[in-house]
Amino acid sequence: MPVTLRGSDGVSYRFDPGALCLEFVTTGGSVVYPRYELLHEPADLGRWTAESRLGLDRVETTPEQLGRAKTLRAALWRMAADRANGRATAPADVAALNEAARLAPPVPEMDEDGRTARLAPATGDQVVSAIARDAIDLFTGPYADRMRECAGYGCHLLFVDTSRPGRRRWCSMERCGNRDKVRRHRAQSR
């Protein structure tokens, strides 16, 4: 599910990271993208979750749960970057991921019509668990070796390359892909 991001130049663009856990990584962080931090207070996790692949519109989050979410996000950022760049994953990050996955996940409910399923109101810890379980599925599944870091100049966004040939290079063709092509064209024109 593509998300809309805004670059440092203020221009918005669509980015599909290919997995819920990598979508969560785009919410900011302390290492590479602190200026893009979206999770300032507990209610922010619920707002993000409503717009994410989870689609949960009712999430109650405590400050402690938000802290666990940010700890997981930092571990996921490092793990995905390590995988994309062929480095070994830090045991502490794997431990943080496994700890988050042990929390109870969101609970599905069936509506009265007997045909519609949705997720019940959730807690911040249930959101953290769902993200962690998605990450475990990604890191151990068929796309585990298709983790990529954008090849665009100065861009460090991470994504899963789900293209058939497996040669996706950029976070977004309309942003980094286009910039790269313009840069190469200008270099050839000189």
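Criteria and cut-off values
- Residues numbered from 1 in each chain as written.
- Predicted model: local features only at pLDDT ≥ 70, side-chain atom pairs only at ≥ 80, totals over all residues.
- Heavy atoms only, no water.
- Salt bridge = Lys/Arg side-chain N within 4 Å of Asp/Glu carboxyl O.
- Buried < 20%, exposed > 50% of the residue type's maximum accessible area, 1.4 Å probe, protein only.
- Core = buried A, V, L, I, M, F, W, Y, C linked by side-chain atoms within 4.5 Å.
- Helix = DSSP H or I, 4+ residues; strand = E, 2+ residues; numbered from the N terminus.
- Contact = heavy atoms within 4.5 Å.
- Phe/Tyr/Trp six-rings, centres within 6.5 Å; stacked < 30°, edge-to-face > 60°.
- Lys NZ or Arg CZ within 6 Å of the ring centre and 35° of its normal.
- Pairing = 2+ DSSP bridges.

Moving on, we come to the pattern of salt bridges. Scanning all chains against the criterion turns up ten salt bridges. Across the pair Glu41 and Arg47 runs a salt bridge whose closest N-O atoms are separated by 3.8 Å. The exposure class assigned to Glu41 is partly exposed, which follows from its relative accessible area of 42%. Overall, the relative accessible area of 46% leaves Arg47 in the partly exposed class. Across the pair Arg58 and Asp57 runs a salt bridge whose closest N-O atoms are separated by 3.6 Å. Each member of the salt-bridge network shares a partner with another, and the members are Asp16, Glu23 and Arg53.

On to the nonpolar core, then. Within the largest apolar cluster, 35 residues are counted, with the highest numbers of intra-cluster contacts made by Cys21, Leu22, Phe24, Leu45, Leu72, Leu76 and Ile131. Breaking this core down by element, the ones donating at least two residues are helix 1 (20-25), helix 2 (42-51), helix 3 (63-84), helix 4 (91-101), helix 5 (124-140) and strand 8 (158-160). Every residue in contact with Leu22, bar those within four places of it in the chain, is listed here: Pro17, Ala80, Leu138, Met147, Leu158, Phe159 and Val160. One finds Leu5, Phe15, Cys171 and Cys176 within the second-largest nonpolar core, a separate group that totals eleven residues.

With that settled, the discussion passes to the packing of aromatic side chains. Describing an aromatic ring pair means giving the distance of the ring centres and the angle of the ring planes. Inspection of the entire model under this criterion finds one aromatic pair. Cation over ring: Arg168 sits above Phe159, and NZ or CZ is 3.9 Å from the ring centre.

Here we take up the pairing of strand 1 (residues 3-6). The alternating pattern of strand 1 places Val3 and Leu5 on a buried face, while none of Thr4 and Arg6, on the opposite face, is buried. Pairing of strand 1 with strand 2 (residues 12-15), which is carried by four bridges, proceeds in the antiparallel orientation. Within strand 2, the residue paired with Val3 across the bridge is Phe15.

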